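So you can see what is in the structure, the chains are spelled out below.
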Amino acid sequence: MTYPIQYDMKGQSCFMSGATSGINEQIARRFAEAGANIFVISRSPEKVQRTVDMLKEAGGEASGSPVDVRDYDSVVSAVTRAQATFGNFDVVFAGQAGNFPAGAAQMSANAFKSVIDIDLLGTFNVFRATIEHAKKPGASYLAISAPQATRPWLFQSHVCAAKAGVNMLIKCCALEWGASGVRVNAISPGPIDGTEGMERLAPTEELKAKVADAVAMKRMGNRDDIAEAALWLCSPAASYVTGTVLEAEGGMTLGDATNAMKL
Ligand code: NAP
Ligand code: COA
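Residue positions within a chain follow its written sequence, with the count starting from 1. Chain A is the first chain written and ligand 1 is the first ligand written, with later ones labelled in order. Local features are withheld for residues below a pLDDT of 70 in this predicted model, meaning they are given only at 70 or higher, and side-chain atom pairs are given and counted only at 80 or more; totals for whole chains, interfaces and linings count all residues. Side-chain calculation: all heavy atoms of the structure are included, whereas hydrogens and water are not.

J.: Just checking my understanding: could you explain the site of ligand 2 for this structure?
T.: As a structural note, the neighbourhood of ligand 2 is formed by 15 residues, with Arg43, Arg70, Asn99, Ser108 and Arg200 the closest of them. Residues adjacent in sequence count toward polar contacts only when both atoms are side-chain atoms; beyond that, a polar contact is any pair of N or O atoms within 3.5 Å, and within protein one must be able to donate a hydrogen and the other to accept it. Asn99 is positioned with one of its backbone polar atoms (N or O) 2.9 Å from an oxygen atom of ligand 2. A distance of 2.8 Å separates an oxygen atom of ligand 2 from a polar atom in the side chain of Arg200. Each accessible area value is a Shrake-Rupley result obtained with a 1.4 Å probe; residue values ignore everything except the protein chains displayed when judging cover. Relative to its free-state accessible area of 940 Å², ligand 2 is covered by the protein chains to the extent of 55%. Helix numbering and strand numbering both begin at the N terminus, where a helix is a DSSP run of H or I of at least 4 residues and a strand a DSSP run of E of at least 2. For the shell around ligand 2, the secondary-structure elements that each account for two or more residues are helix H4 (109-130) and helix H6 (196-201). In the shell around ligand 2, the residues fall into 5 nonpolar, 6 polar and 4 charged. In this text, near means that some heavy atom of the residue lies within 4 Å of the molecule or strand in question. Amino acids outside the nonpolar list (Ala, Val, Leu, Ile, Met, Phe, Trp, Tyr, Cys, Pro) and the charged list (Asp, Glu, Lys, Arg) are all regarded as polar, and Gly is one of them.

As structure tokens, this is what we get:
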């Protein structure tokens, strides 16, 4: 696909968590195509290495290390390496998440905690560990939320609670960091075709068709739909946008898509 608006991120320093597969990997790819230098972290050393190779091929400089965002000290070590490699951060991105369908009365306390820790605490850890090294003014922070943040959703109490927390976290950080010229936003993607998240929530063709039909635009999104929104939010074109959760979801929450996903 070609895009009418080209963004220039030449030489920009980006720290990106959870950007080694799915939606987030495509965001990283588009940042690299725009010339960004990217440091990626996620748990799997293989996924980190594969992504670093892909980003270099896409046109940016890249490095990374295997880190679980739940471990604050490991995040700090990675941030120190990233800052030494690419300099203070123009963009900080936190996109990692965990999801599985499970009822609140069935899942263990540790199951609930795992998702809260990956999605919400992990986003805080990335934000907290990077803020001392963010460019001020000018840095852009971006988290990934989900439609579950604003609607109760069957078998998703852990994700709903975690992503609602992410929505509030970005607003609080936007409020605290605005005076130093740092913007903080989130994107809430709708159902994105061909991703791990959708495989877990709508594993059959029948369910996928139901979900697509329940979205106002009558289709699932694709990874570029979200990557383009991310590029815009992290660009100077969005220079007065902060504390916002951008819903790139085809109108999913306007209708009844969440009910179509009864599992
Ligand atoms: P995905 O492919 O499963 O990507 C998840 C990423 O997070 C991977 O890079 C994974 O790498 C990393 N990760 C997971 N746990 C981690 C941890 N503890 N520490 C560090 N990294 C960790 O997911 P996706 O479906 O594309 O979703 C991406 C984002 O979009 C998520 O935030 C999700 O909630 C959101 N979202 C997705 C959809 C959808 O339709 N897919 C809809 C709405 C919102 P490792 O395995 O190497 O750790
Ligand atoms: N239903 C109910 N509970 C589940 C579950 C499921 N499908 N999958 C895992 N759990 C529980 C485990 O039983 C465990 O609880 P316990 O200790 O009481 O038994 C707890 O969740 C943690 O599981 P574990 O496998 O140890 O966690 P992990 O940290 O290795 O993995 C997950 C985290 C569970 C979120 C895993 O699914 C994951 O790594 N997801 C990342 C990819 C992803 O979810 N992508 C979609 C993003 S939208």
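Let us keep going from here.
J.: Would you explain the side chain of Ser235 in this entry?
T.: Looking at the element boundaries, Ser235 is found in the loop between helix H8 (223-233) and strand E7 (245-248). Under the relative-accessibility criterion, Ser235 is labelled buried at 5%. The contacts of Ser235, once residues within four sequence positions are left out, are Tyr7 and Arg183. Here the term buried applies to any residue with accessible area under 20% of the maximum for its type, exposed to any over 50%, and partly exposed to those in between, with areas from a 1.4 Å probe on protein chains only. Here, two residues are considered to be in contact whenever any of their heavy atoms come within 4.5 Å of each other.

J.: What am I meant to see in the pairing of strand E4 (residues 91-94) here?
T.: A regular strand places its side chains so that they alternate between the two faces of the sheet. Of the two faces of E4, the one carrying Val91 and Phe93 and the one carrying Val92 and Ala94 are both buried. The rule for pairing is simple: two strands pair if DSSP sees at least two bridges between them. Both E4 and strand E5 (residues 140-144) contribute to a ladder of 4 bridges, which runs parallel. Its bridge partner being in E5, Phe93 is matched across the sheet by Leu142. If the strands point away from the viewer and the path from the first strand over the helix to the second runs clockwise, then the crossover is right-handed. Between the parallel elements E4 and E5, the chain passes through H4 in a crossover that is right-handed.

J.: Honestly, the site of ligand 1 in this entry has me stumped. Any pointers?
T.: In the neighbourhood of ligand 1, 31 residues make up the surrounding shell, with Thr20, Ser21, Ser42, Arg43 and Thr195 lying closest. Here Ser21 contributes a side-chain N or O atom positioned 2.7 Å from an oxygen atom of ligand 1. Protein coverage of the free-state accessible area of ligand 1, which is 890 Å², stands at 90%. Points on a 1 Å grid, built from protein atoms alone, make a cavity when a 1.4 Å probe fits but cannot get out and make a pocket when they are open with protein on both sides within 12 Å along at least 5 of 7 lines; residues with an atom within 4 Å of a point are the lining residues. Just a note on the criterion: a molecule sits in a pocket or cavity if more than half of its atoms are within 2 Å of the grid points. Because more than half of its atoms lie within 2 Å of the grid, ligand 1 is assigned to the largest pocket.

J.: Would you mind going over the packing of helix H3 (residues 72-86) against H4 with me for this structure?
T.: What describes two packed helices is the angle between their axes and the distance between those same axes. Where H3 contacts H4, the two axes come as close as 9 Å, and the packing angle between them is 45°. The orientation of H3 relative to H4 falls into the category oblique. The crossing of H3 and H4 is right-handed. Along the contact surface, H3 presents Tyr72, Val75, Val76 and Val79, while H4 presents Asn125, Val126, Arg128, Ala129 and Thr130. Split into classes, the residues belonging to the contact of H3 with H4 amount to 6 nonpolar, 2 polar and 1 charged. Working convention: axes come from line fits to C-alpha atoms, limited for helices to the stretch in contact. Angles between N-to-C directions cover 0 to 180 degrees. Here the angle decides the label: under 35 degrees means roughly parallel, over 145 means roughly antiparallel, 65 to 115 means roughly perpendicular, and every other value means oblique. Put simply, a crossing is left-handed when the front helix is turned counterclockwise from the back one by less than a right angle, and right-handed when it is turned clockwise.

J.: So what exactly am I meant to see when it comes to the pairing of strand E6 (residues 183-189) here?
T.: The element E6 is extensively covered by neighbouring structure, given that 7 of its 7 residues are classed as buried. Residues Arg183, Asn185, Ile187 and Pro189 point to one face of E6 and Val184, Ala186 and Ser188 to the other, with burial holding for every one of them. Across 5 bridges, E5 lies against E6 in parallel orientation. Looking at the pairing, Ile144 lines up with Ile187 of E6.

Distances and angles like these do not, on their own, reveal function.
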